[in-house]
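Architecture and fold: a report
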Amino acid sequence: MQEIPGIHHVTAIGSDPGENRQFYTETLGLRLVKRSVNQDDASVYHLFYGDRSGSPGTSMTFFPYPGARAGQVGTGQVSTTQFLIPATAVDYWVERLEAAEVDIGERHERFGETVIPVSDPDGLPLELVAVADAPAGDPPDGPVPAEHAICGFYGVTLALSDIDATARVLETMGYEETDSDGTRVRYESDGDLGYVVELLADPDLPQGRPGAGTIHHVAFRVTSDDQADWREELQSLGLRPTAIIDRKWFESVYTRTPGGVLFEYATEGPGYTVDEDLETLGERLVLPEWLDDRREEIEQGLPSLSVETSE
């Protein structure tokens with residue numbers, strides 16, 4: 001099996017779908033590359049953001065439940081999602097986020113790189129991490145100039161009550177420990193996007209509770225040829241992976257890790273252009289074939305993706 005190069009996508013829970021779309025496209029400058037529904041609850045959107053084509057390693061996805069109660073970020077979860085930006089873009093992003101009145105924290109250094117803490121409209125913790133040799137990527141046409149654009153994922157932080165068992169899973173996946181700082185241990189793969197996983201063992205963190213502003217799962221990239229073998233490998237570690245599930249744009253295997261975090265192992269293809277042209281990605285509601293006979297009912301039940309403004 002090929003070692004896993006990094007993150008495929010990260011999926012979170014939100015509340016207002018219009019505010020979610022506005023923040024990730026108009027403020028962060030990502031492209032809405034797919035608008036679909038939660039395949040387990042077709043009354044709720046599944047929104048996918050990313051680079052121009054939603055390449056693996058760039059795609060942040062959301063289930064926005066209108067009126068959803070806030071969750072609690074804590075142990076057993078991905079506590080922070082990290083986006084990669086060029087090192088030359090730090091001042092641009094601080095000024096842009098301040099102008100947009102986004103909740104940002106104090107920039108600081110971690111493992112030799114500048115980190116800008118950010119919260120989305122639901123309080124989801126994000127970080128922009130500045131990297132000197134950031135890949136050029138394929139940024140979308142949008143409000144953020146290409147030279148400053150988010151390149152994709154830098155990584156994730158997992159909040160855990162104990163890191164040892166989760167570390168063994170990462171090491172099996174090909175991640176290697178590269179640094180540590182107090183309660184934070186850093187693991188890296190050899191990919192160029194989503195290659196960092198940091199394990200945070202903080203005894204002061206509360207137990208995580210699902211809800212708006214929390215991460216549902218993190219997905220890692222695997223090849224179609226290797227996916228079944230990875231499933232067997234997870235079983236050999238004593239985990240209980242699902243069967244391979246067809247998600248239309250990729251195939252997925254899920255397992256709950258020893259620390260409580262839900263991992264997905266998703267294939268890199270066929271990708272988001274399997275059912276839409278690249279130029280028109282995200283412009284219409286796309287449904288899996290098994291839901292298409294309910295299209296009219298589903299479309300009528302979904303809320304607007306616009307943001308209401310008062311005159």
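Located above this text is the structure these notes cover.
As a convention, each chain's residues are numbered from 1 in the sequence order in which they are written. Local features are withheld for residues below a pLDDT of 70 in this predicted model, meaning they are given only at 70 or higher, and side-chain atom pairs are given and counted only at 80 or more; totals for whole chains, interfaces and linings count all residues. Side-chain calculation: all heavy atoms of the structure are included, whereas hydrogens and water are not.

Observations concerning the pattern of salt bridges
Whenever Lys or Arg places a side-chain nitrogen within 4 Å of a carboxyl oxygen from Asp or Glu, that contact is recorded as a salt bridge. Applying the stated criterion across every chain, the model contains 17 salt bridges. Asp275 is paired through a salt bridge with Lys34; the nearest N and O atoms lie 2.6 Å apart. Of this pair, Asp275 sits in the loop between strand E16 (262-267) and helix H5 (295-301) while Lys34 sits in strand E2 (residues 31-38), and the two are 241 residues apart along the sequence. Side by side, Asp275 and Lys34 carry an identical accessibility label, which is buried. Across the pair Arg295 and Asp292 runs a salt bridge whose closest N-O atoms are separated by 3.2 Å. According to the relative accessible area criterion, Arg295 is partly exposed, its value standing at 22%. Three or more residues are tied together by salt bridges with common partners; here these are Arg110, Glu113, Glu127, Arg184, Arg186, Glu188 and Glu198. Where helices and strands are cited, they refer to DSSP runs of H or I of at least four residues and of E of at least two residues respectively, numbered from the N terminus. Each residue gets one of three labels from its accessible area relative to the maximum for its type: buried under 20%, exposed over 50%, partly exposed in between, using a 1.4 Å probe on protein chains only.

Observations concerning the nonpolar core
Only buried Ala, Val, Leu, Ile, Met, Phe, Trp, Tyr and Cys residues count toward a nonpolar core, and they belong to the same one when joined by side-chain atoms within 4.5 Å. With 65 residues, the main nonpolar core has Tyr24, Leu28, Met60, Trp93, Met173, Phe220 and Phe263 as its most contacted residues. Here this core gets five residues from one element, more than from any other, and that element is helix H2 (residues 90-99). Note on definitions: a residue-residue contact is assigned when non-hydrogen atoms from the two residues lie within 4.5 Å. Setting aside residues up to four positions removed in sequence, Trp93 forms contacts with Thr27, Leu28, Ile85, Ile116, Leu128, Val144, His148 and Ile150.

As for the sheet that holds strand E7 (residues 113-119)
A pair of strands is labelled paired if DSSP reports no fewer than 2 bridges between them. With mixed pairing, the eight strands of this open sheet are ordered in space as E6-E7-E8-E5-E9-E12-E11-E10. This sheet does not close on itself; its edge strands, each paired only once, are strand E6 (108-110) and strand E10 (176-181). Here the average twist between neighbouring strands, direction ignored, is 30°. Here H2 sits on the sheet in contact with strand E5 (77-86), E7 and strand E8 (125-131), set at roughly 15° to E7. Only the stretch in contact is used when a helix axis is fitted, and all axes are lines through C-alpha atoms; the angle between N-to-C directions ranges over 0 to 180 degrees.

A short note on helix H4 (residues 227-236)
Residue pairs three or four apart in sequence face the same way in an α-helix, which turns once every 3.6 residues. Taken together, the buried positions of H4 are occupied by Gln227, Trp230 and Leu234. Projected down its long axis, H4 carries its buried residues within an arc of 55°, all on one side. Exposed side chains of H4 directed beyond 90 degrees from the buried face belong to Glu232 and Ser236. Next to the buried residues of H4 lie helix H3 (164-172), strand E13 (214-222), strand E15 (251-256) and E16. Comment: arc refers to directions from the helix axis out to C-beta atoms.

Let's talk about the sheet that holds strand E4 (residues 59-64)
Within the open sheet, the eight strands sit side by side as E2-E3-E4-E1-E13-E16-E15-E14. Their pairing is mixed. Of all the strands in the sheet, the pair left with one neighbour each is E2 and strand E14 (245-246). Relative to E13, strand E1 (residues 7-14) runs antiparallel, the two sharing six bridges. The residue bridging Ile7 from the neighbouring strand is Phe220, located in E13. Relative to strand E3 (residues 41-50), helix H1 (residues 17-27) is tilted by about 10°, and along the sheet it contacts E2, E3 and E4.

As for the packing of aromatic side chains
Two aromatic rings from Phe, Tyr or Trp, using only the six-membered ring of Trp, form a pair when their centres are within 6.5 Å; if the ring planes differ by under 30 degrees the pair is stacked, by over 60 it is edge-to-face, and anything between is tilted. By the definition in use, this model includes 14 aromatic pairs. Judged by centre distance (4.9 Å) and plane angle (85°), the rings of Phe23 and Tyr24 are edge-to-face. Accessibility assignment for this pair places Phe23 and Tyr24 in one class, buried. Taking 5.5 Å as the distance between ring centres and 15° as the angle between the ring planes, the aromatic pair formed by Phe83 and Phe153 counts as stacked. Of this pair, Phe83 sits in strand E5 while Phe153 sits in strand E9 (residues 152-159); the two residues are 70 residues apart in sequence, bridging distant segments of the chain. An identical accessibility class is assigned to Phe83 and Phe153; each is buried. Each member of the aromatic cluster is reached from another via a ring pair, and the members are Phe23, Tyr24, Tyr49 and Phe62.

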